[in-house]
Amino acid sequence: MSGTSTGYGIVVGVDGSPESEAAVRWAADEAVTRHAQITLMHIIAPVVVTWPVRYLQSSYTEWQEGNAKYVIEQAQKTLRAVIGDNPPLTVQPEVRHDSVVPGLVKASREADMVVVGCRGLGPVGGALLGSTSRGLVHHGRCPVVVTHADGLRVPDRALPVLLGIDGSPASEGATALAFDEASRRGVDLIALHAWSDVGVFPVLGADWHEYEQEGHELLAERLAGWQEQYPDVHVWRRIVCDRPARWLIDEAKKAQLVVLGSRGRGGFTDMLLGSVSTAVAESARPPVIVVRD
């Protein structure tokens, strides 16, 4: 089928790890629903040798090239296992020579979304500890999807989509994508709004009901236009207080997908990528989409 309006369609960062395989599987399903092109991208990082042993550098470079070919082939096998031959999708393998995070960030400028595993493999098979997914979530120029291998073992397609929403226009992109994903899947949408990312229960005291009512009014205002555009999506509204990451991670246990904005004001006061979004992307079991404002 034809690709999307951007050059790469859905980019999947692949490195041969179980987390990478989970990313391919999720991207395959997403591409089918969107009729989108998939780009399987493996990045060969520069060789850094701290001592002058030329034959070692040459040997390692050859290994990198061979490993890249193997990783792409395995990703293609995983893709075929998920989608088969019907419907046919445009699949583009690509190997780049670059540092991993900058390479994926560059690709994100021409992609509809980039999908990566929460953790992957380093250049010699060591755990990368999430540095790639974290860096991409920080700097990606399109929606970034972070998947977990154990979060896709038994997918429940009846579960809702979870949206973390604040009180500012900065979350409009995340809201739009969340409604679209819920509509494509034919499931409900849970819109969760948190008043603060610090402990405030003692401060609010008896005024909590007043804040709760204001929260419902804010959610109604922010969601109204999207509910009109997606009348098929039933929305459940959740108002919570204190520590958005904790509430989102807990609510994600009953969701198939989580959608967040990259930053915002209001409920997620000055929410920066290093806090709520990173915590949820690392800890929530279902895939998490972070949308830049």
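Scroll up to find the structure.
Residues numbered from 1 in each chain as written. Predicted model: local features only at pLDDT ≥ 70, side-chain atom pairs only at ≥ 80, totals over all residues. Heavy atoms only, no water.

### A word on the packing of helix 1 (residues 18-34) against helix 5 (residues 172-185)
The criterion, for reference: Note on geometry: axes are C-alpha line fits, over the in-contact stretch for helices, and angles between N-to-C directions span 0 to 180 degrees. Strands are runs of DSSP state E lasting at least two residues, helices are runs of H or I lasting at least four, and both sets are numbered from the N terminus onward. Orientation is classified from the angle alone, with under 35 degrees giving roughly parallel, over 145 giving roughly antiparallel, 65 to 115 giving roughly perpendicular, and any other angle giving oblique. Contact definition: two residues touch when any of their heavy atoms are within 4.5 Å. The classification used treats Ala, Val, Leu, Ile, Met, Phe, Trp, Tyr, Cys and Pro as nonpolar, Asp, Glu, Lys and Arg as charged, and all other residues, Gly among them, as polar.
Orientation of helix 1 relative to helix 5, taken along the N-to-C sense of each, is 85 degrees, at an axis distance of 11 Å. In this view, helix 1 runs roughly perpendicular relative to helix 5, as classed from their interaxial angle. Between helix 1 and helix 5, the residues in contact are W26, E30, T33 and R34 and L177, D180, E181, R184 and R185, respectively. Grouping the constituent residues of the contact of helix 1 with helix 5 by class yields two nonpolar, one polar and six charged.

### As for unusual backbone geometry
Definition in use: The classification of residues rests on relative accessible area computed with a 1.4 Å probe and restricted to protein chains. Under 20% of the type maximum is buried, over 50% is exposed, and intermediate values are partly exposed.
With a phi close to 55 degrees, H35 is a non-glycine residue in the positive phi region. Relative to the helices and strands, H35 resides in the loop between helix 1 and strand 2 (38-44). Looking at H35, the relative accessible area reads 43%, which means it is partly exposed.

### Details of the environment of V95
In this fold, V95 is placed in strand 3 (residues 91-97). Those residues in contact with V95, other than ones at most four positions away along the chain, are H42, I44, A68 and I72.

### A short note on the packing of helix 3 (residues 100-108) against helix 4 (residues 131-139)
How two helices pack is summed up by the angle between their axes together with the distance between the axes. Applied cut-off: Handedness of a helix crossing follows the sense of rotation of the near helix relative to the far helix, less than a right angle counterclockwise being left-handed and clockwise being right-handed.
Taken N-terminus to C-terminus, the directions of helix 3 and helix 4 make an angle of 40 degrees; their axes are 9 Å apart at the nearest point. In terms of orientation, helix 3 lies oblique with respect to helix 4. Helix-helix and strand crossings are classified by hand; for helix 3 and helix 4 the assignment is right-handed. Mapping the contact onto sequence places V100, V101, L104 and V105 in helix 3 and S131, T132, G135, L136 and H139 in helix 4. Classifying every residue of the contact of helix 3 with helix 4 gives five nonpolar, four polar and no charged.

### Concerning the pattern of salt bridges
Our working definition: The salt bridge criterion pairs a side-chain nitrogen of Lys or Arg with a carboxyl oxygen of Asp or Glu, the two atoms within 4 Å.
Counted according to the given criterion, the structure contains 14 salt bridges. R34 is the partner of E181 in a salt bridge, and the nearest nitrogen-oxygen pair spans 3.0 Å. Taken together, the residues span a long stretch of sequence, with E181 in helix 5 and R34 in helix 1 at a distance of 147 residues. Residue classification places R34 among the partly exposed residues on the basis of a relative accessible area of 23%. Where E282 meets R134, a salt bridge forms, and the shortest distance between an N and an O atom there is 2.4 Å. Of this pair, E282 sits in helix 9 (residues 273-283) while R134 sits in helix 4, placing them 148 residues apart in sequence. Of the residues examined, R134 reaches a relative accessible area of 32% and is grouped as partly exposed.

### Details of the pairing of strand 9 (residues 257-261)
Here is the rule we go by: Note on pairing: DSSP must find at least two bridges between two strands before they are called paired.
Across the five residues that make up strand 9, a large majority, five, are buried. Across the two faces of strand 9 the burial is the same, with L257, V259 and G261 and V258 and L260 all buried. Relative to strand 9, strand 6 (residues 161-164) runs parallel, the two being bridged by three bridges. Opposite L162, over in strand 9, you have V258 as the bridge partner.

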